[in-house]
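Chain and residue survey
Here is how the chains run, residue by residue.
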Number of protein chains: 2
Amino acid sequence: MPKLGAEPIRKAALINAAIDQVGSAGTLDVTVAQIARAAGVSPALAHHYFGSKDQIFLAAMRHIMSNFGESVLLGLPGTSGRRRLAVIVSASFGAPNFRHEVVSAWLNFYALSLVNDEAARLLKVYHRRLRSNLIVALRPVSDRPEAVAETLGALIDGVYLRAALSHAPTNGFAAVRMVNDYLDEVLT
Amino acid sequence: MPKLGAEPIRKAALINAAIDQVGSAGTLDVTVAQIARAAGVSPALAHHYFGSKDQIFLAAMRHIMSNFGESVLLGLPGTSGRRRLAVIVSASFGAPNFRHEVVSAWLNFYALSLVNDEAARLLKVYHRRLRSNLIVALRPVSDRPEAVAETLGALIDGVYLRAALSHAPTNGFAAVRMVNDYLDEVLT
DNA sequence: TCTTTAATTGACCACTCAATCAACAAACCG
DNA sequence: CGGTTTGTTGATTGAGTGGTCAATTAAAGA
């Protein structure tokens, strides 16, 4: 009997290893061998399951994005008005999504999306969803939800960027405070 | 001796070629040979003048940064109050500094600075200078200049990021409007 | 049959090196 | 002195070299 059901376990291990290695190295120039070693498998297996190095990293980013989506979905029900915004903001800067390796992976993903079509598509979908979530949440509390959503989106990206660049440990609280300050200022 | 004084000309050509190639390819993974060809010289000469591929790109970023500094210095004298802020914002999103290749080079520079100490130092200096400029300009018009400078800096970075990611041509006007809207909202 | 690996390959690229080229000036000459 | 030669040196390049790594292959292990 073959070790049945190994695939999802190996894949998950490789995805986590990829986030970890890329995030802590700060670059996509980690070798497949490094990622595989960190996941406890051989480089060939990584290719077997994902087909290419790019696909490993794209799967990792999909994983990060779906984590974020879950955080939001988990917090939203039963909230309304200004609270809904706070939920999205908190999810953005909450512990699992705002770890240093993750933020660093995001930065590299941004750069990759200039070059890799699939990354660009993925990012576009993510941005659209975030924007739409923000607009819906803003509609009851702002008289120009689209414009604020745009600015808010840019601000969140900027805070992520600066968190990635900072050598200090990420500070979710400060980030949340900054963004909420902006919202308090701008909301009618 | 050969044509004397070739060095600064070649260096400038290489720097421009580097911005162009890296910016339009969207990645640092352009070969030295590509950059050299675009500058009309041999790869060996590029190494002769700059020592390494990284140094070529770092010189290119220094050039971009000093362009930005000049834009600011050119606009500041004789202005005060809210106007000073507008000058810095305009310089950020003005034609020479907000071209698509330049913005794209910035994104790659951010990613590089996670890995390359010299890039990190350079970026730190730049950020500190920008922050200090912003605080000085904010002091007369805001009751919490540091906090606003932080947010404003993040917002500008975010707008840059989104401009880099967008395939559409960069729109300096829209960027300036967004940032100025924020300022109008937040200033007392 | 599904999973896993060791071993290998093939391509690519940063960087080096030895050699050539071209311009200027000092030395030399008639 | 005008002209010619020659030494010096910055500028420039073609042709490697060494090393890296993604991806493939073939075969073992469960």
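Naming follows an unreviewed UniProt entry, where chain A appears as HTH-type transcriptional regulator BetI of Paracoccus albicereus. Recorded in UniProt for chain A, the comment headed Pathway (unreviewed entry) runs: "Amine and polyamine biosynthesis; betaine biosynthesis via choline pathway [regulation]."

**Some thoughts on the interface of chain B and chain A**
Chain B puts 31 residues into the contact, and the matching count from chain A is 31 residues. Summing the contributions of chain B and of chain A, the shared interface buries around 2800 Å²; its carbon and sulfur component is 68%. On the chain B side of the interface with chain A, the three residues burying the most area are B:L114, B:R162 and B:E185, jointly 23% of the side's total. For the pair chain B and chain A, the interface holds 6 salt bridges. With a closest N to O distance of 2.8 Å, B:R144 and A:E185 form a salt bridge.

**Quick word on helix 9 (residues 172-186) of chain A**
The terminal C-alpha atoms of helix 9 of chain A, which comprises 15 residues, lie 21 Å apart, in line with the 21 Å expected from a rise of 1.5 Å per residue. Burial in helix 9 of chain A covers these residues: A:G172, A:A175, A:V176, A:M178, A:V179, A:N180, A:Y182, A:L183 and A:V186. Contacts made by the buried residues of helix 9 of chain A are with helix 5 (82-93), helix 7 (117-138) and helix 8 (145-165) of chain A together with helix 8 (145-165) and helix 9 (172-186) of chain B. Where helix 9 of chain A begins, the side chain of A:N171 points an oxygen toward the backbone nitrogen of A:F173, at a separation of 3.1 Å.

**Some points on the side chain of B:S113**
Mapped onto the elements, B:S113 comes out in the loop between helix 6 (100-112) and helix 7 (117-138). A distance of 2.8 Å separates the side chain of B:S113 from the backbone oxygen of B:Y110, its partner in a polar contact. Filtering out sequence-adjacent residues up to four positions away, B:S113 remains in contact with A:L165, B:A119, B:A120 and B:L123.

**Overview of the pattern of salt bridges**
Two side chains that carry opposite charge are able to pair once their charged atoms sit near each other. Considering all chains together, one arrives at 14 salt bridges over all chains under this definition. Across the pair B:R162 and A:D157 runs a salt bridge whose closest N-O atoms are separated by 2.8 Å. Taken together, the residues B:R162 in helix 8 and A:D157 in helix 8 connect one chain to another. Here B:R162 falls in the partly exposed class, since its relative accessible area comes to 21%. Linked through salt bridges whose partners overlap, the residues forming this network are A:R144, B:D181 and B:E185.

**What to know about the UniProt feature "domain: HTH tetR-type" (unreviewed entry) in chain A**
Following the UniProt record, the feature "domain: HTH tetR-type" (unreviewed entry) maps to residues 8-68 of chain A here. For residues 8-68 of chain A, the end-to-end C-alpha separation is 20 Å, with 82% helix and 0% strand making up the annotated structure.

**Notes on the relation of the copies chain B and chain A**
For the pair chain B and chain A, the relating rotation is 180 degrees, the translation along its axis is 0.0 Å, and the fit reaches an RMSD of 0.0 Å. On the angle and the small slide along the axis, the relation comes out as a two-fold axis. No C-alpha of chain B lies nearer the rotation axis than that of B:G158, which sits 1.9 Å from it.

**Considering the packing of aromatic side chains**
Residue and element names in this part refer to chain B. Counted by the stated rule, this structure contains 17 aromatic pairs over all chains. Taking 5.9 Å as the distance between ring centres and 75 degrees as the angle between the ring planes, the aromatic pair formed by W106 and F109 counts as edge-to-face. Placement of both W106 and F109 in helix 6 is noted, with a separation of 3 residues, approximately one turn of the helix. Looking at F109, the relative accessible area reads 0%, which means it is buried.

**As for the environment of B:S24**
Structurally, B:S24 is set in helix 1 (residues 6-25). Considered as a pair, B:S24 and B:R131 are 107 residues apart in the sequence and their alpha carbons are 29 Å apart.

**Here's the deal with the packing of helix 4 (residues 53-75) of chain A against helix 5 of chain A**
The packing of two helices is summarised by the inter-axis angle and the distance between the axes. Residue and element names in this part refer to chain A. It is at 9 Å that the axes of helix 4 and helix 5 come closest, and there the two elements cross at 145 degrees. Relative to helix 5, helix 4 is oriented so that their crossing is right-handed. Judged by residue contacts, F68, S71, V72 and G75 of helix 4 engage V87, I88, A91 and S92 from helix 5. Of the residues assigned to the contact of helix 4 with helix 5, the class counts are 5 nonpolar, 3 polar and no charged.

The rules behind each value
Residues numbered from 1 in each chain as written. Chains lettered and ligands numbered in written order. Predicted model: local features only at pLDDT ≥ 70, side-chain atom pairs only at ≥ 80, totals over all residues. Heavy atoms only, no water. UniProt positions renumbered as here; feature names shortened; annotations may be inferred. Contact = heavy atoms within 4.5 Å. Buried area = accessible area lost by both parts, 1.4 Å probe. Salt bridge = Lys/Arg side-chain N within 4 Å of Asp/Glu carboxyl O. Helix = DSSP H or I, 4+ residues; strand = E, 2+ residues; numbered from the N terminus. Expected span 1.5 Å × (residues − 1). Buried < 20%, exposed > 50% of the residue type's maximum accessible area, 1.4 Å probe, protein only. Polar contact = N/O pair within 3.5 Å; in protein donor to acceptor, adjacent residues only side chain to side chain. Least-squares fit on C-alpha atoms with pLDDT ≥ 70 in both. Phe/Tyr/Trp six-rings, centres within 6.5 Å; stacked < 30°, edge-to-face > 60°. Axes fitted to C-alpha atoms, helices over the stretch in contact; angles between N-to-C directions. Left-handed = near helix turned anticlockwise from the far one by under 90°. Nonpolar A, V, L, I, M, F, W, Y, C, P; charged D, E, K, R; others polar.

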